[in-house]
Amino acid sequence: MSAEVRITVGEEVRTVASGTSVRDVLDGKLGRDIIAARVDGKLVDLSRPLERSATVEPVSASSSEGLDVIRHSTAHLMAQAVQALYPGTQVTIGPTIEDGFFYDFAPSRPFTVEDLPKIEQKMRELAKADLKVERVELARDEAIALFERMGEKYKVEILQGIPDERVSIYRQGDWLDLCRGPHVPSTGYLCAFKLTSVAGAYWRGDERNAMLSRIYGTAFADKEALQEHLAMLELARQRDHRKIGREMGLFLFDPISPGQPFYLPKGMIIFNLLVEYMRRLYRRYGFNEVITPQIFKNELFHVSGHWENFRDNMFLTPDPEDREARVDTGPEGWRVGYGVKPMNCPGHTFIYRAEKRSYRDLPLRIAEFSRLHRAERSGVLHGLTRVRVMSQDDAHIFCAEEQIEDEVAMNLTMVREVYSALGFTEPEFKLATRPEQHLGTEAQWRTSEEKLASALRRNLIQFEINPGEGAFYGPKIEIYVPDALKRKWQVATIQLDYNLPERFDLKYTTSAGSEARPVMIHRAILGSLERFIGVLLEHTGGVLPFWLAPEQVRVLSLSEKTESYARELTELLSKLGFRAHADVRNEKLGFKVREAELAKVPFMVVVGEREAAARQVSLRLLRGSKSEVMSVEELVARAQAEPLPS
RNA sequence: GCCGAUGUAGCUCAAAGGUAGAGCAACUGACUUGUAAUCAGUAGGUUGCGAGUUCGAUUCUCGCCAUCGGCUCCA
């Protein structure tokens, strides 16, 4: 009957009666900022009784775990407010997310942003009332009966999926919710929150299910942290690539072709420079560039499987010689029309098949920058990062099974080279593994997943597993980079494919003279150039490295007197291969400098009479406050010294 | 596609059931300029598109289109 337990708190070891609460154990250290605790590494409420010997650590509101608790508790507070204001609304789930939380409701009518201030007000009232948050454990069956009585059918459904015999609910005032916890001790701890947006969301993320009404919010330990976060969001809005693209004159969108950018001359410069950069790498890494047709008979997509799996995302067109001229997307549709290619892979198999291949041809690396069209659903379009037409730095590698690991490793080296050259210091790598629907045996999948993992390890790359997210035809490596709002976008991808070689009956002759099936590796390093440019603009705020800047040098004349000198310099720089322009407008220098700053021109070359007389220039760098007087030769040397990716 | 919101001059934003206004940009002129906005003038809009209600709609209603935030999907 040991009624005592040994508790370790920091350096101190104490013996207390079994059942003593965490709060009492931490007594004395319990500031207002301590909102939960870790007991042997597990997050628990301060009110949790200690029944075993354990190590207890306080969790402060400002720690990342503490913040999580606060946000989760705030989600509960919001649900309580919503149910108080809108009786009959059912609750579903309300997790924390990267920068806050959300809660999905089944309301009688969907919420709108106008509802948010009212809900926030109610939340403040409930927080002010400082309701005690209590944890109650009960048998799952009891809980099911309880939520059934309350008419909370979503909670009942959740409970039916929980294997545990006992579950916990949290009660605050007259409101309760099924929850694992932990939570803050009372609602008064929640003082810095804001509801940010409403959205529709499907129950369990499945569009066949009911559409719920989701409210997003965020919460912090104190008001200052909340303000800071909101200010950060505002700053991120300034970096939105759609705004930068308009301001810098890079591209535009028009409803006449939703999701398809018009590249303006300056945007085209960036696009072409990225393509040229990849082409240089292709020579070094052994890729061969091709162009294949843009439009194919549907027969191609029928063989490749796109007709079955991707047709809804394809732009289809009737056979122009068909008098009826109708797109038949029905089961026989592949026999009559054409489709605009959404991917390059099927076309590349024709290049592979054009000759009788042997092991000596492998690996065969075929690259293509052609434009790909995908009929993305209207609701998903998003600037350059989600478009209906794109160019990928796409390549397909046809290789033997035993070459997979080397090829993947080589492409990963390339990925690292490119991302570091373009200033993305920390791309995230994920290994997407076998999905539920898949071709091939588990053993094959295990082997190919292991090959990808091993190639990652060879490159000393840290990666996470993205379980079940592989393509149905093979596992893949996905590479993500964040935009200004820290939303992660998949850019690069390396995918193993055993399916297409099968479907197109690709073969090669082995050294032993037998026939074997090659494997295809689909890979893109920048991914879609559109998305990459979008992310790059947000990453840099539009301040591109010198080699990528659409306009590299702007020569600013001080007055008409130096106009000809400015023109002469511009011509000289242009002849040397720099993208240089002269601003000889009848304006004050301050005005011209401001415009060059806004256009994000890396080199501003100011020439007044002093400089003209001495054949010098005054160089001002973008985002620089000082200018430097130097000779023309020195200016050229400075421009030439700007780093270029190899 | 689904949920919510938005759509006024090239851009950023006002106003209003009785035919719309500012700043910047554009154009014209003056100023000849020293490192993030010189001054003045001119022009620019069937208020996203189409119906309906009304004596009258750009404002109210409905449909469509596009955009934004999400869901789903994905490079």
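Bear in mind the structure is a predicted one, so any value in this text is a computation, not a measurement.

Chemist: Sorry if this is basic, but what is going on with the nonpolar core here?
Modeler: Counting 61 residues, the largest nonpolar core has Leu 274, Met 278, Val 408, Tyr 419, Leu 422 and Ile 477 as its most contacted members. The dominant element in this core, judged by the number of residues it contributes, is helix α8 (residues 265–285), at ten residues. Contact partners of Tyr 419, with chain neighbours within four places excluded, come to Phe 424, Pro 427, Val 481, Val 491, Ala 492, Ile 525, Leu 526 and Phe 532. One finds Val 82, Phe 111, Trp 175 and Leu 195 within the second-largest nonpolar core, a separate group that totals 31 residues.

Chemist: Explain helix α12 (residues 404–421) to me, please; I cannot follow it from the model alone.
Modeler: For an α-helix, the turn length of 3.6 residues means that residues three or four places apart are oriented alike. Across its 18 residues, α12 extends 26 Å between first and last C-alpha, which sits within 8% of the 26 Å expected from 1.5 Å per residue. Taken together, the buried positions of α12 are occupied by Ile 404, Glu 407, Val 408, Ala 409, Met 410, Asn 411, Leu 412, Met 414, Val 415, Glu 417, Val 418 and Tyr 419. One or two residues past the end of α12 sits Gly 423, with phi positive at roughly 85°.

Chemist: Explanation requested: the sheet that holds strand β20 (residues 316–317) in the structure shown.
Modeler: Strands pair in a sheet through their backbones, by hydrogen bonds, and they do so in one of two ways: parallel or antiparallel. With antiparallel pairing, the three strands of this open sheet are ordered in space as β19-β21-β20. Both outer strands of the open sheet, β19 (295–297) and β20, are each paired with one neighbouring strand and no more. In this sheet, strand β21 (residues 338–340) lies alongside β20 in antiparallel orientation, the contact comprising two bridges. Within β21, the residue paired with Thr 317 across the bridge is Tyr 338.

Chemist: Even after reading the chapter, I still don't get helix α6 (residues 223–238), so can you show me in this structure?
Modeler: Here α6 is 16 residues long and its end C-alpha atoms lie 23 Å apart, about the 22 Å a rise of 1.5 Å per residue gives. Listed as buried for α6 are Leu 226, His 229, Leu 233 and Ala 236. For α6, the angular spread of buried residues about the axis comes to 80°, placing them on one side. In α6, the exposed residues that point more than 90 degrees away from the buried face are Lys 223, Glu 224, Glu 228 and Leu 235. Between the side-chain oxygen at the start of α6 and the backbone nitrogen of Glu 224 there is a gap of 3.2 Å, and the oxygen is on Asp 222.

Chemist: Explain the sheet that holds strand β12 (residues 166–172) to me, please; I cannot follow it from the model alone.
Modeler: With respect to topology, three strands assemble into an open sheet ordered β11-β12-β13, the strand pairing being antiparallel. Edge positions in the open sheet fall to β11 (133–139) and β13 (175–178), since each of these has one partner strand only. Each strand of the sheet is rotated relative to its neighbour by a mean of 30°, with strand direction disregarded.

Chemist: Help me out: how do you make sense of the protein's contact with RNA strand B in this one?
Modeler: As a structural note, the neighbourhood of RNA strand B is formed by 61 residues, with Ser 378, Arg 386, Asn 586, Glu 611 and Ser 618 the closest of them. Backbone atoms, meaning sugar and phosphate, make up 50% of the atoms of RNA strand B lying within 4 Å of the protein. In the model, a sugar or linking oxygen of RNA strand B is placed 3.4 Å from a nitrogen or oxygen of the Glu 207 side chain. Interatomic distance of 3.5 Å between a side-chain N/O atom of Arg 374 and a base nitrogen of RNA strand B.

Chemist: Which parts of the structure should I look at to understand the domain arrangement of chain A?
Modeler: By domain assignment, chain A separates into domain 1 (4–60), domain 2 (65–230), domain 3 (252–284 + 369–540) and domain 4 (546–640). With centres defined by C-alpha atoms, the gap from domain 1 to domain 4 works out at 66 Å.

Chemist: Looking at this structure, I do not really get the side chain of Arg 523. What am I missing?
Modeler: Of note, Arg 523 is situated in strand β31 (residues 519–528). In this structure Arg 523 is buried but unpaired, with Asp 393 as the nearest side chain of opposite charge at 4.3 Å. In terms of polar contacts, Arg 523 uses its side chain to reach the side chain of Tyr 282, at 3.1 Å. A distance of 3.4 Å separates polar atoms of two side chains, one belonging to Arg 523 and the other to Asn 411. Look past the residues within four positions of Arg 523 in its chain and what remains in contact with it is Tyr 282, Phe 287, Asp 393, Asp 394, Ala 395, Ile 397, Asn 411, Met 414, Thr 493 and Ile 494.

Cut-offs and rules
- Residues numbered from 1 in each chain as written.
- Chains lettered and ligands numbered in written order.
- Predicted model: local features only at pLDDT ≥ 70, side-chain atom pairs only at ≥ 80, totals over all residues.
- Heavy atoms only, no water.
- Core = buried A, V, L, I, M, F, W, Y, C linked by side-chain atoms within 4.5 Å.
- Buried < 20%, exposed > 50% of the residue type's maximum accessible area, 1.4 Å probe, protein only.
- Helix = DSSP H or I, 4+ residues; strand = E, 2+ residues; numbered from the N terminus.
- Contact = heavy atoms within 4.5 Å.
- Expected span 1.5 Å × (residues − 1).
- Pairing = 2+ DSSP bridges.
- Arc of directions from axis to C-beta.
- Polar contact = N/O pair within 3.5 Å; in protein donor to acceptor, adjacent residues only side chain to side chain.
- Axes fitted to C-alpha atoms, helices over the stretch in contact; angles between N-to-C directions.
- Near = heavy atom within 4 Å.
- Domains from an automatic or database assignment.
- Lys, Arg positive; Asp, Glu negative; His and termini not counted.
- Salt bridge = Lys/Arg side-chain N within 4 Å of Asp/Glu carboxyl O.

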